[in-house]
Amino acid sequence: MGYDTGVIRPEMRDADVRLRAGGASSADLRRMKKGLLALHTLELMAVNIYRCQIARHPSALNRALIAAMCNEMTHLQDFQVKLYEYGWRPSPLRWVYGLAGSVLGLGSRLMGEKTALKMGVWVETKAVRHYSELLGRIAWDEETRSIIEKNQADEYGHVERWMAFLRGGE
Ligand SMILES: [Fe+2]
Ligand SMILES: [Fe+2]
(Lines give C-alpha, C1' and ligand atoms only; values in the text may rest on other atoms or scores of the structure.)
(Ligands and ions follow the chains in the order given, each with its own letter.)
Protein backbone atom coordinates (compact mmCIF):
# COMPACT_ATOMS: atom_id res chain seq x y z
CA MET A 1 0.00 0.00 0.00
CA GLY A 2 3.04 2.25 0.21
CA TYR A 3 2.55 3.66 3.70
CA ASP A 4 5.41 3.74 6.21
CA THR A 5 4.11 1.95 9.30
CA GLY A 6 7.37 2.78 11.06
CA VAL A 7 5.97 6.31 11.41
CA ILE A 8 3.52 5.96 14.29
CA ARG A 9 2.65 9.65 14.51
CA PRO A 10 2.88 11.40 11.12
CA GLU A 11 3.55 15.12 11.07
CA MET A 12 0.42 17.25 10.98
CA ARG A 13 0.53 20.94 10.16
CA ASP A 14 -1.88 23.67 11.18
CA ALA A 15 -2.99 24.13 7.59
CA ASP A 16 -3.93 20.44 7.37
CA VAL A 17 -7.02 21.20 9.46
CA ARG A 18 -9.75 22.24 7.07
CA LEU A 19 -13.50 22.75 7.11
CA ARG A 20 -14.83 19.98 4.89
CA ALA A 21 -18.60 20.09 5.11
CA GLY A 22 -19.25 21.65 1.70
CA GLY A 23 -19.14 19.78 -1.58
CA ALA A 24 -20.33 16.26 -0.80
CA SER A 25 -23.89 15.07 -1.39
CA SER A 26 -26.09 14.52 1.64
CA ALA A 27 -26.11 10.74 1.05
CA ASP A 28 -22.29 10.68 1.00
CA LEU A 29 -22.17 12.86 4.10
CA ARG A 30 -24.48 10.49 5.94
CA ARG A 31 -22.29 7.52 5.07
CA MET A 32 -19.11 9.38 6.03
CA LYS A 33 -20.53 10.42 9.37
CA LYS A 34 -21.48 6.85 10.20
CA GLY A 35 -18.08 5.60 9.05
CA LEU A 36 -16.11 8.19 11.02
CA LEU A 37 -18.12 7.54 14.19
CA ALA A 38 -17.43 3.81 13.86
CA LEU A 39 -13.71 4.38 13.29
CA HIS A 40 -13.45 6.86 16.16
CA THR A 41 -15.09 4.55 18.70
CA LEU A 42 -13.11 1.51 17.51
CA GLU A 43 -9.85 3.40 17.84
CA LEU A 44 -10.78 4.41 21.38
CA MET A 45 -11.31 0.72 22.11
CA ALA A 46 -7.91 -0.10 20.57
CA VAL A 47 -6.11 2.57 22.64
CA ASN A 48 -7.56 1.11 25.83
CA ILE A 49 -6.83 -2.50 24.89
CA TYR A 50 -3.13 -1.78 24.46
CA ARG A 51 -2.98 0.63 27.41
CA CYS A 52 -4.35 -2.09 29.69
CA GLN A 53 -2.14 -4.81 28.19
CA ILE A 54 1.08 -2.99 29.08
CA ALA A 55 2.80 -4.63 32.05
CA ARG A 56 5.43 -2.91 34.18
CA HIS A 57 8.50 -5.04 33.50
CA PRO A 58 10.79 -3.97 30.64
CA SER A 59 10.37 -6.39 27.73
CA ALA A 60 10.26 -6.29 23.94
CA LEU A 61 6.52 -6.95 24.08
CA ASN A 62 5.84 -4.11 26.50
CA ARG A 63 7.86 -1.73 24.35
CA ALA A 64 5.84 -2.79 21.29
CA LEU A 65 2.57 -2.35 23.22
CA ILE A 66 3.53 1.21 24.19
CA ALA A 67 4.30 1.98 20.54
CA ALA A 68 1.00 0.43 19.45
CA MET A 69 -0.89 2.45 22.07
CA CYS A 70 0.72 5.65 20.77
CA ASN A 71 -0.15 4.68 17.21
CA GLU A 72 -3.81 4.06 18.16
CA MET A 73 -3.89 7.42 19.98
CA THR A 74 -2.83 9.00 16.68
CA HIS A 75 -5.64 7.16 14.88
CA LEU A 76 -8.12 8.32 17.51
CA GLN A 77 -6.99 11.93 17.05
CA ASP A 78 -7.16 11.58 13.26
CA PHE A 79 -10.81 10.58 13.33
CA GLN A 80 -11.75 13.02 16.07
CA VAL A 81 -10.34 15.86 13.94
CA LYS A 82 -12.15 14.58 10.85
CA LEU A 83 -15.47 14.48 12.73
CA TYR A 84 -15.11 18.11 13.83
CA GLU A 85 -13.89 19.23 10.39
CA TYR A 86 -17.16 17.97 8.96
CA GLY A 87 -19.16 19.69 11.69
CA TRP A 88 -19.94 16.50 13.64
CA ARG A 89 -19.17 15.33 17.16
CA PRO A 90 -17.84 12.08 18.65
CA SER A 91 -20.51 9.72 19.90
CA PRO A 92 -21.64 10.47 23.49
CA LEU A 93 -21.70 6.68 23.98
CA ARG A 94 -18.04 6.21 23.07
CA TRP A 95 -17.15 5.53 26.71
CA VAL A 96 -18.89 2.16 26.30
CA TYR A 97 -16.27 1.23 23.69
CA GLY A 98 -13.55 2.67 25.90
CA LEU A 99 -14.70 0.52 28.78
CA ALA A 100 -14.98 -2.56 26.54
CA GLY A 101 -11.39 -1.95 25.42
CA SER A 102 -10.14 -1.70 29.01
CA VAL A 103 -11.94 -4.91 29.97
CA LEU A 104 -10.58 -6.77 26.92
CA GLY A 105 -7.09 -5.39 27.49
CA LEU A 106 -6.88 -6.10 31.19
CA GLY A 107 -8.67 -9.45 30.92
CA SER A 108 -6.37 -10.70 28.16
CA ARG A 109 -3.26 -9.48 29.99
CA LEU A 110 -4.27 -11.37 33.13
CA MET A 111 -4.62 -14.51 31.04
CA GLY A 112 -1.02 -14.28 29.88
CA GLU A 113 1.09 -12.97 27.01
CA LYS A 114 -0.18 -15.46 24.46
CA THR A 115 -3.80 -14.53 25.10
CA ALA A 116 -2.93 -10.83 25.00
CA LEU A 117 -1.23 -11.30 21.62
CA LYS A 118 -4.11 -13.37 20.25
CA MET A 119 -6.52 -10.66 21.37
CA GLY A 120 -4.41 -8.13 19.47
CA VAL A 121 -4.46 -10.25 16.31
CA TRP A 122 -8.22 -10.79 16.60
CA VAL A 123 -9.09 -7.11 17.08
CA GLU A 124 -6.69 -5.87 14.42
CA THR A 125 -7.85 -8.41 11.84
CA LYS A 126 -11.40 -7.21 12.41
CA ALA A 127 -10.21 -3.60 12.12
CA VAL A 128 -8.42 -4.24 8.81
CA ARG A 129 -11.58 -5.78 7.38
CA HIS A 130 -13.74 -2.96 8.69
CA TYR A 131 -11.39 -0.40 7.16
CA SER A 132 -11.54 -2.16 3.78
CA GLU A 133 -15.30 -2.13 3.84
CA LEU A 134 -15.46 1.59 4.70
CA LEU A 135 -12.84 2.44 2.07
CA GLY A 136 -14.72 0.46 -0.53
CA ARG A 137 -18.21 1.84 -0.19
CA ILE A 138 -17.76 5.48 0.87
CA ALA A 139 -16.80 8.46 -1.32
CA TRP A 140 -14.22 9.99 1.04
CA ASP A 141 -12.44 13.23 0.27
CA GLU A 142 -8.89 12.54 -0.84
CA GLU A 143 -7.13 13.56 2.37
CA THR A 144 -9.46 11.63 4.63
CA ARG A 145 -9.09 8.59 2.37
CA SER A 146 -5.32 8.65 2.56
CA ILE A 147 -5.47 8.92 6.38
CA ILE A 148 -7.81 5.91 6.50
CA GLU A 149 -5.48 3.98 4.18
CA LYS A 150 -2.42 4.83 6.31
CA ASN A 151 -4.24 3.79 9.48
CA GLN A 152 -5.34 0.55 7.86
CA ALA A 153 -1.72 -0.13 6.92
CA ASP A 154 -0.81 0.47 10.58
CA GLU A 155 -3.44 -2.05 11.74
CA TYR A 156 -2.07 -4.56 9.28
CA GLY A 157 1.39 -3.85 10.71
CA HIS A 158 0.03 -4.58 14.18
CA VAL A 159 -1.34 -7.96 13.05
CA GLU A 160 2.07 -8.83 11.61
CA ARG A 161 3.89 -7.74 14.74
CA TRP A 162 1.71 -9.75 17.15
CA MET A 163 1.94 -12.78 14.85
CA ALA A 164 5.75 -12.45 14.91
CA PHE A 165 5.66 -12.40 18.73
CA LEU A 166 3.40 -15.47 18.73
CA ARG A 167 5.89 -17.28 16.50
CA GLY A 168 8.61 -16.25 18.94
CA GLY A 169 10.39 -14.27 16.28
CA GLU A 170 10.60 -10.99 18.24
FE1 LIG B 1 -6.00 1.98 15.00
FE1 LIG C 1 -3.99 -1.18 15.51
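Please refer to the structure placed before this passage.
Conventions we followed
- Residues numbered from 1 in each chain as written.
- Chains lettered and ligands numbered in written order.
- Predicted model: local features only at pLDDT ≥ 70, side-chain atom pairs only at ≥ 80, totals over all residues.
- Heavy atoms only, no water.
- Phe/Tyr/Trp six-rings, centres within 6.5 Å; stacked < 30°, edge-to-face > 60°.
- Helix = DSSP H or I, 4+ residues; strand = E, 2+ residues; numbered from the N terminus.
- Buried < 20%, exposed > 50% of the residue type's maximum accessible area, 1.4 Å probe, protein only.
- Contact = heavy atoms within 4.5 Å.
- Donors = N, O, S within 2.8 Å, 3.2 Å for Na, K, Ca; no water.
- Axes fitted to C-alpha atoms, helices over the stretch in contact; angles between N-to-C directions.
- Parallel < 35°, antiparallel > 145°, perpendicular 65-115°, else oblique.
- Left-handed = near helix turned anticlockwise from the far one by under 90°.
- Nonpolar A, V, L, I, M, F, W, Y, C, P; charged D, E, K, R; others polar.

Student: For the packing of aromatic side chains, give the residues involved together with the corresponding values.
Tutor: Taken as a whole and assessed by the stated rule, the structure comprises four aromatic pairs. Ring geometry for Tyr-50 versus Trp-162: centroids 5.5 Å apart, planes at 50°, classification tilted. Linking Tyr-50 in helix α1 (residues 26-53) with Trp-162 in helix α5 (residues 142-166), this pair joins segments that are 112 residues apart in sequence. Here Tyr-50 matches Trp-162 in class, with each residue buried. Summarising the aromatic geometry, the rings of Trp-162 and Phe-165 are spaced 6.2 Å apart at their centres and angled 35° between planes, so their arrangement reads as tilted. Here Trp-162 and its partner Phe-165 are both found in helix α5, three residues apart, which amounts to about one turn of the helix.

Student: Help me get a handle on the side chain of Lys-150, residues and values and all.
Tutor: Tracing the backbone shows Lys-150 in helix α5. Residue contacts for Lys-150: discarding those within four places in its chain leaves Tyr-3, Asp-4, Thr-5, Val-7 and Pro-10.

Student: Requested: an account of the coordination of the iron ion (ligand 2), with residues and values cited.
Tutor: Note on metal geometry: ideal angles are 109.5 degrees for four donors arranged tetrahedrally and 90 or 180 degrees for six donors arranged octahedrally. In this structure, Glu-72 (OE), Glu-124 (OE), Glu-124 (OE), Glu-155 (OE) and His-158 (ND1) serve as the protein donors to the iron ion (ligand 2), at separations of 1.9 to 2.4 Å. Counting the intervening residues between successive donors of the iron ion (ligand 2) yields the motif E-x51-E-x30-E-x2-H. Here the iron ion (ligand 2) and the iron ion (ligand 1) are spaced 3.8 Å apart, with Glu-72 acting as a shared donor. Here Glu-72, found in helix α2 (residues 60-85), pairs with His-158, found in helix α5; they are 86 residues apart in sequence, far enough to count as distant. Residue classification places His-158 among the buried positions, given a relative accessible area of 8%.

Student: Which residues make up the coordination of the iron ion (ligand 1), and what values go with them?
Tutor: Coordination sphere of the iron ion (ligand 1), protein contribution only: Glu-43 (OE), Glu-43 (OE), Glu-72 (OE), His-75 (ND1) and Glu-155 (OE), at 1.9 to 2.7 Å. Motif for the iron ion (ligand 1), donor spacing along one chain: E-x28-E-x2-H-x79-E. Residue Glu-72 is classed as buried on the basis of its relative accessible area, which comes to 0%.

Student: Describe in detail the packing of α1 against α2, supporting the description with residues and values.
Tutor: Running from amino to carboxyl end, α1 crosses α2 at an angle of 160°, the nearest separation of the two axes being 8 Å. In terms of axis orientation, α1 runs roughly antiparallel to α2. Crossing of α1 against α2: the hand is left-handed. Residues Leu-36, Leu-37, Leu-39, His-40, Glu-43, Leu-44, Ala-46, Val-47, Tyr-50, Arg-51 and Gln-53 of α1 lie in contact with α2, whose contacting residues are Asn-62, Leu-65, Ala-68, Met-69, Glu-72, Met-73, His-75, Leu-76, Phe-79, Gln-80, Lys-82 and Leu-83. Partitioning the contact of α1 with α2 into residue classes produces 14 nonpolar, five polar and four charged.

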